[in-house]
Amino acid sequence: MDCIFCQIASNAITGKRAYEDDQVVAFYDNNPQAPTHILIIPRQHIATTNELELNHSPLIGHMVLTATKLAKELSLAEDGYRLVWNCNRQGGQAVYHIHLHLLGGRAMRWPPG
């Protein structure tokens with residue numbers, strides 16, 4: 001188990017968690033790009049969004065709903081926030097375990113990259 005996000009999901013590595021349940025773990029990014037920067041990861045290892053299949057739809061929906069729940073709890077929803085998925089090296093993916101970024105607490109610029 002050399003995937004750092006699998007280690008976080010299994011509690012082998014601890015950190016500041018924002019939320020967890022039987023499907024996902026949400027934790028604060030160690031290299032935040034906004035005042036609030038939380039990563040939502042599935043407990044199941046899926047390397048990239050390219051590996052997603054139709055049967056993953058409920059999991060992906062749960063990840064998005066977890067992000068919106070956290071945005072509301074952290075008072076980000078009214079002003080706005082950004083949800084980001086990165087895929088592979090040129091897409092900005094650094095850890096090959098899918099993860100959804102929840103960024104908020106400042107105005108987001110466009111284009112993002």
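Cut-offs and rules
- Residues numbered from 1 in each chain as written.
- Predicted model: local features only at pLDDT ≥ 70, side-chain atom pairs only at ≥ 80, totals over all residues.
- Heavy atoms only, no water.
- Core = buried A, V, L, I, M, F, W, Y, C linked by side-chain atoms within 4.5 Å.
- Buried < 20%, exposed > 50% of the residue type's maximum accessible area, 1.4 Å probe, protein only.
- Helix = DSSP H or I, 4+ residues; strand = E, 2+ residues; numbered from the N terminus.
- Contact = heavy atoms within 4.5 Å.
- Phe/Tyr/Trp six-rings, centres within 6.5 Å; stacked < 30°, edge-to-face > 60°.
- Lys NZ or Arg CZ within 6 Å of the ring centre and 35° of its normal.

A. Local environment of the nonpolar core. The biggest cluster of nonpolar side chains holds 15 residues, and the ones touching the most others in it are Ile 38, Ile 40, Met 63, Leu 70 and Leu 102. Breaking this core down by element, the ones donating at least two residues are strand S2 (24–28), strand S3 (36–42), helix H2 (57–73) and strand S5 (100–104). When residues of this core are assigned to their parent elements, the largest contribution, six residues, is made by H2. Beyond its immediate chain neighbours, meaning those up to four positions away, Ile 38 contacts Ala 18, Ala 26, Phe 27, Tyr 28, Asp 29, Leu 70, Leu 74, Leu 100, His 101 and Leu 102.

B. Representation of the packing of aromatic side chains in the model. For the coordinates displayed, the defined rule picks out one aromatic pair. Here Phe 5 and Phe 27 contribute two aromatic rings whose centre-to-centre distance is 5.5 Å and whose plane-to-plane angle is 75°, an arrangement assigned as edge-to-face. Of this pair, Phe 5 sits in helix H1 (residues 4–9) while Phe 27 is found in strand S2, placing the two residues 22 residues apart along the sequence. Given a relative accessible area of 6%, Phe 5 falls into the buried group. According to the relative accessible area criterion, Phe 27 is buried, its value standing at 8%. Over the ring of Tyr 28 we find Lys 16, and its NZ or CZ is 4.5 Å from the ring centre.

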